[in-house]
Amino acid sequence: MAKAARKPRLPSLRKSLNQICEQLVLVDLSDLQALAAMHTATGELAAGLETSHGPAAGALREAGQWLERIIMAEVVPAEGWGQVGRLLAAAQAVVCEGADPVQAGLVAAPVAAADAPPAFAPLPGNVDEAILGEFLARQPAVLEEIEQQALALERVPGPEPARELRRVIHTLKGEAGLLGLTEVETLCHAIESALEREGTAVTDTLLEARDWLAKVWAAREGGGEPPAGLERLLERLAAPAAESVPLTADPDLVGEFVAEAREHLEATDVHLMTIETEPSDGEALAAVFRAFHTIKGVAGFLALEEIGRLAHQSENLLDRARRGEVTLAGPVIDVVFDATDAMKRMVGTVEQALRGQGGLVPEPGLDLLLERIGQAAAGTLKAAAEMMVGTEGPVRRLGEILVETGAASSEGVARALAAQATQPEPERLGTLLVREGEARPRDVVQALRSQRGGAGEASAPVEVRETIKVDTDRLDRLIEMVGELVIVESMVSQSRELRENLSPALARSLAQLDKITRELQEMGMALRMVPLRSTFQKMARLVRDLARKSGKAVELALVGEDTELDKTVVDRIGDPLIHMIRNAVDHGIEPDAQARRAAGKPETGRVELRAFHKGGNIHIEISDDGRGLDPEAILAKARERGLVREGEQLSEREIYGLIFEPGLSTAKKVTDVSGRGVGMDVVKRNIEELRGQVEVTSERGRGSTISIRLPLTLAIIDGMVVRLGGERLIVPTLSIVRSIRPRPEELSSVFGRGEMISVQGKLVPLVRLDDVFGRAGHQRAAADSIVVIVEDGSGQAGLLVDELLGQQQIVIKSLGDYLKGTPGISGGAIMADGRVGLILDVSSIVRLAQADGEREEAVV
């Protein structure tokens, strides 16, 4: 009978569980009665499911414990509520949807064999794969932000960068917890605690954690194994709990100190706001100084060491401000506000200890705050952000600014204004708001600064641009169709039938169609343009790590980060930039500060990464102020390896171009960073595959510059259309030096075979495109042809063609797998008449010409 009576209960239990899960969305966390009712319901459900669904019953009991902690204010409500939601969702998946308790995360997976690879903990059964995929897609940007904020915090220590970094980490922790990514949630929690405790001291560990997270995302996306090293990271981020020190001073004296300190600190907030608006108010400054001086004296008598240290440092800063050596404005007054807030917390800790609620514990981040106060006193404190100050225009009201920013309620401002109206000598609105607890002093100060900034031109409403995510394949398809439209439009407008019957009205319509088509093409190409900022920012981390590894002081300057380039080019330019910057730091910058001082340079080396538009192309330059290249050493090494014959004279540009030869290195010491003679040839090859060029300039003892020239996009090129017999070929304009009609005296040959042309006193090999493409039946004398001089990074060649037909933009088309890799051809294009024109691969043609020239010289 007992078994028969137990079966009908399960549907009702499932119904109750679903109802509780629905309440997760509706319950107000401030409604303690509703939370208590949910606590009771989860306990009853746990008892009912104990026999049939033990793991789910355990999850419900744990959810009840979290609810109890929320009710008793033992945890942050939002954090506890997230745990309740996770546990209830897992129980619902098991009881109502029949999910495996292991998959739902309620039961640990069986221990694998000793030789089995580690695996991620199973995700809860209710995690949607689409949501997880969207989460993973956003993580590269999150990792980039973590890295940028960590480096910014190291450069400019302060509460703002630390607060922004904690915000990013806290958001990631919350999302990871909802998705059941427990290892990420654990790491983020440890990072938050370490940031609050140690500030910039965890930068190195934080960057390692960022790299570990990158491996986690890669493994999650590819179904791989979890990376090792989490335990070591957690150990480095952890620190022993702050030891509580008992309060030993006389309780009566401590009580008087707490009351007096609170009074001083409340007055300090008001005086600081006065100084913010009237920096010349000496009485307010003196009052702030006296407050910290008094607190310091009493704290020393009561053996409150940390309070005494903070008060002493703050007193030094304020004393310099009294003597006119430091101005309390901007970041300096901000740090005084920070000191006041920290002092309030520390006095509050003393008050708790006085009431018997624990002992005295260290103030988190006190060392960092003392460091910033010292920087402010020395005049070296940097602001976390620049203020925008106007000059003329309407002034916005302080209350309006506070309400708009959410720093105060409209009711609170109204009450303060009403109180102000009743005063015989009205106080400032900001002072009243702070005194009545309607706004924080820091928020009032920020509003005052915004008010002064609003004294400039009336601020125009900010336009918030909406964005949507578009699949890359769809975008590529759109651009391809726009290219097809351009080709068809050109074919139609230039057709013979249409030209013979062209009326003025039709001509205007065709011109308008051509204009719209070109604009559509430009807009389509702009969709693929992305700024170089992300790629450039990665180099900041690289330079930092290399400088530390090599023991050098090196700074990186970034210029033109907002320059836009085709996404495909941006994705492929990263590796070449990394290798060139590694060389600049490892080989370019002098080995130590002594060597730089001897050369008359600053001790800190400088590497500059620049991007800019020029001549319709993108130029990227990597410069360093180091030792520069040694042309004699490069030439000697090249001769030793047989790249240059004895007695052969090379220009300085040609000598520097030898560093791109495989295996050529003049480094006296091979490091784990560079020096093996590999990499620069790959750099050159990768850039040439992007239809770009790379060039090196250097000044001995002053530094080197590597210049990269790239097309804006890989889908469209500017090309010179040439005729060869009945065929039309396209030469990329980027590769053309000049075109000439040769005179007989400028031509020469070796044994009637290797033809050369003299261009400005230099012999350049001639290339008969008829021979390259097997058109033996079409031969013309060189003197009757036009020679197009082209170049790539390794040299020049002259292409013999019959006629120059004109320059135009070409939409590149693939030749397919069958013709892919054909020497001398990089692609094709559909011309205006519908025929196909071949795009020449200048790099391979120049290499072919150089190889032929070397064979002819060997015969001689």
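Everything here concerns the structure above.
Cut-offs and rules
Residues numbered from 1 in each chain as written. Predicted model: local features only at pLDDT ≥ 70, side-chain atom pairs only at ≥ 80, totals over all residues. Heavy atoms only, no water. Helix = DSSP H or I, 4+ residues; strand = E, 2+ residues; numbered from the N terminus. Buried < 20%, exposed > 50% of the residue type's maximum accessible area, 1.4 Å probe, protein only. Contact = heavy atoms within 4.5 Å. Areas by Shrake-Rupley, 256 points an atom, 1.4 Å probe, with all protein chains shown as cover. Phe/Tyr/Trp six-rings, centres within 6.5 Å; stacked < 30°, edge-to-face > 60°. Lys NZ or Arg CZ within 6 Å of the ring centre and 35° of its normal. Pairing = 2+ DSSP bridges. Expected span 1.5 Å × (residues − 1). Axes fitted to C-alpha atoms, helices over the stretch in contact; angles between N-to-C directions. Polar contact = N/O pair within 3.5 Å; in protein donor to acceptor, adjacent residues only side chain to side chain. Parallel < 35°, antiparallel > 145°, perpendicular 65-115°, else oblique. Left-handed = near helix turned anticlockwise from the far one by under 90°. Nonpolar A, V, L, I, M, F, W, Y, C, P; charged D, E, K, R; others polar. Salt bridge = Lys/Arg side-chain N within 4 Å of Asp/Glu carboxyl O. Patch = residues over 30% accessible without salt bridge, like charges linked within 9 Å, V, L, I, M, F, W, Y side chains within 5 Å. Core = buried A, V, L, I, M, F, W, Y, C linked by side-chain atoms within 4.5 Å.

Asker: Explain the overall build of the protein chain to me, using residue names and the numbers behind them.
Answerer: A tally of regular secondary structure across the protein chain gives 31 helices and 18 strands. Out of the 860 residues in the protein chain, the part that is buried amounts to 42%. Expressed as a percentage of contacts within the protein chain between residues at least 6 apart in sequence, the contacts between residues at least 24 apart total 68%. Accessible area of the protein chain: about 45,800 Å², with a carbon and sulfur share of 52%.

Asker: Describe the packing of aromatic side chains, with residues and values.
Answerer: The final tally for this structure, using the stated rule, is 1 aromatic pair. Here the aromatic rings of Phe-135 and Trp-217 are separated by 5.4 Å at their centres, their planes lie at 85°, and the arrangement is edge-to-face. Note that Phe-135 is positioned in helix α6 (residues 129-155) and Trp-217 in helix α9 (residues 203-222), a separation of 82 residues in sequence. Residue Phe-135 is classed as buried on the basis of its relative accessible area, which comes to 1%. Judged by relative accessible area, Trp-217 falls into the buried class, the value being 4%. A cation over a ring is seen here: Arg-322 above Phe-289, with NZ or CZ 3.8 Å from the ring centre.

Asker: Now, about the pairing of strand β5 (residues 617-624): what can you tell me, with residues and values included?
Answerer: Most of β5 sits out of view: 8 of its 8 residues are buried. Where burial is concerned, the two faces of β5 agree: the one with Asn-617, His-619, Glu-621 and Ser-623 and the one with Ile-618, Ile-620, Ile-622 and Asp-624 are both buried. In this structure, strand β4 (residues 605-614) lies alongside β5, joined through 8 bridges in antiparallel fashion. Within β5, the position partnered with His-613 by the bridge is Ile-618. Pairing geometry for β5 and strand β7 (residues 703-711), over 8 bridges, is antiparallel. What sits directly across from Glu-621, in β7, is Ser-707.

Asker: Before we move on, could you go through helix α14 (residues 331-354) and cite the residues and values that matter?
Answerer: Every α-helix carries 3.6 residues per turn, so stepping three or four residues along brings you back to the same face. Taking 1.5 Å per residue as the helical rise, α14 with its 24 residues ought to reach 34 Å, and the 35 Å between its terminal C-alpha atoms agrees with that figure. A large share of α14 lies buried, amounting to 17 of its 24 residues. Among the residues trailing α14, Gly-356 stands out with phi positive, at a value near 85°.

Asker: Please provide a residue-by-residue account of the sheet that holds strand β8 (residues 716-724), values included.
Answerer: One open sheet holds the 5 strands; their spatial order is β16-β8-β9-β18-β17, and the pairing between them is mixed. Of all the strands in the sheet, the pair left with one neighbour each is β16 (803-811) and β17 (825-830). Each strand of the sheet is rotated relative to its neighbour by a mean of 35°, with strand direction disregarded. Direction of pairing for β8 relative to strand β9 (residues 727-732): antiparallel, over a ladder of 6 bridges.

Asker: Give me the lowdown on the side chain of Glu-791, citing residues and values where you can.
Answerer: Within the secondary structure, Glu-791 sits in strand β14 (residues 786-792). Side-chain polar atoms of Glu-791 contact the side chain of Gln-796, separated by 3.3 Å. With sequence-adjacent residues up to four places away left out, Glu-791 is seen in contact with Arg-653, Gln-693, Ser-735, Val-737, Gln-796 and Val-842.

Asker: Residues and numbers for the packing of helix α23 (residues 533-550) against helix α24 (residues 567-588), please.
Answerer: As a packed pair, α23 and α24 sit with axes 10 Å apart at the nearest point and diverge in direction by 25°. One element, α23, and the other, α24, form an angle in the roughly parallel class. Considering the relative orientation of α23 and α24, their crossing is right-handed. Contacts between α23 and α24 involve Thr-535, Phe-536, Met-539, Leu-542, Val-543, Leu-546 and Ala-547 from the former and Val-570, Ile-573, Gly-574, Leu-577, Ile-578, Ile-581, Arg-582 and Val-585 from the latter. Across the contact of α23 with α24, the residue classes tally to 12 nonpolar, 2 polar and 1 charged.

Asker: Which residues make up the sheet that holds strand β2 (residues 554-559), and what values go with them?
Answerer: Taken together, the 5 strands give an open sheet; going across it, the order is β2-β4-β5-β7-β6, and neighbouring strands pair in mixed fashion. Because the sheet does not close on itself, it has two edges, and the strands there are β2 and β6 (693-699). Ignoring which end each strand starts from, the neighbouring axes of this sheet average 15° apart. For β6 and β7, the ladder comprises 7 bridges, and the chain directions are antiparallel. Along β7, the bridge assignment pairs Glu-695 with Ser-707.

Asker: Explain the pattern of salt bridges to me, using residue names and the numbers behind them.
Answerer: Taken as a whole and judged by the stated rule, the model has 41 salt bridges. One salt bridge connects Arg-355 with Glu-351, and the closest N-O pair in it is separated by 3.0 Å. For Arg-355, a relative accessible area of 59% corresponds to the exposed category. Members of the salt-bridge network, linked through shared partners, are Glu-147, Arg-210, Asp-211, Arg-541, Arg-544 and Asp-545.

Asker: Residues and numbers for α23, please.
Answerer: Under the 1.5 Å per step criterion, the end-to-end length of α23 is 26 Å for 18 residues, consistent within 8% with the ideal 26 Å. Of the surrounding secondary structure, the elements contacted by the buried residues of α23 are α6, α9, β2, α24, β4 and β5. Backbone geometry just after α23 places Gly-551 at a positive phi near 75°.

Asker: Please provide a residue-by-residue account of a nonpolar patch on the surface, values included.
Answerer: Judged by side-chain polarity, Val-488, Met-491 and Val-492 come together as a nonpolar surface patch covering roughly 220 Å² of accessible area. By secondary structure assignment, the location of Val-492 is in helix α20 (residues 472-493). A relative accessible area of 42% places Val-492 in the partly exposed class.

Asker: Any details on the nonpolar core? Residues and values, ideally.
Answerer: Ranked by size, the top nonpolar core spans 61 residues in total, and within it Ile-307, Leu-310, Leu-317 and Met-343 carry the most contacts. It is α14 that provides the largest number of residues to this core, a total of 12 residues. Setting aside residues up to four positions removed in sequence, Met-343 forms contacts with Leu-265, Phe-292, Ile-295, Ile-307, Leu-310 and Ala-311. Core analysis: the next-biggest nonpolar cluster, separate from the first, contains 42 residues, Val-569, Val-570, Leu-635 and Leu-710 among them.

Asker: I'd like a rundown of the side chain of Glu-192, residues and numbers included.
Answerer: Tracing the chain through its elements places Glu-192 in helix α8 (residues 182-198). The class for Glu-192 is buried, based on a relative accessible area of 11%. Each residue touching Glu-192, except ones within four places of it in the same chain, is listed here: Arg-166, Ile-169, His-170 and Lys-173.

Asker: Just give me the short version of unusual backbone geometry, but keep the residues and values in it.
Answerer: We note that Ala-303 has phi near 60°; this positive angle belongs to a residue other than glycine. Structurally, the position occupied by Ala-303 is in the loop between α12 (282-301) and α13 (305-322). On the basis of relative accessible area, Ala-303 is assigned to the exposed category, the value being 54%.

Asker: Mind laying out the environment of Glu-235, listing which residues take part and the relevant values?
Answerer: Tracing the chain through its elements places Glu-235 in helix α10 (residues 230-237). Judged by relative accessible area, which is 61%, Glu-235 ranks as exposed. When the C-alpha positions of Glu-235 and Ala-190 are compared, they lie 9.3 Å apart, and in sequence the two are 45 residues distant.

These values are about where atoms sit, not about what they do.
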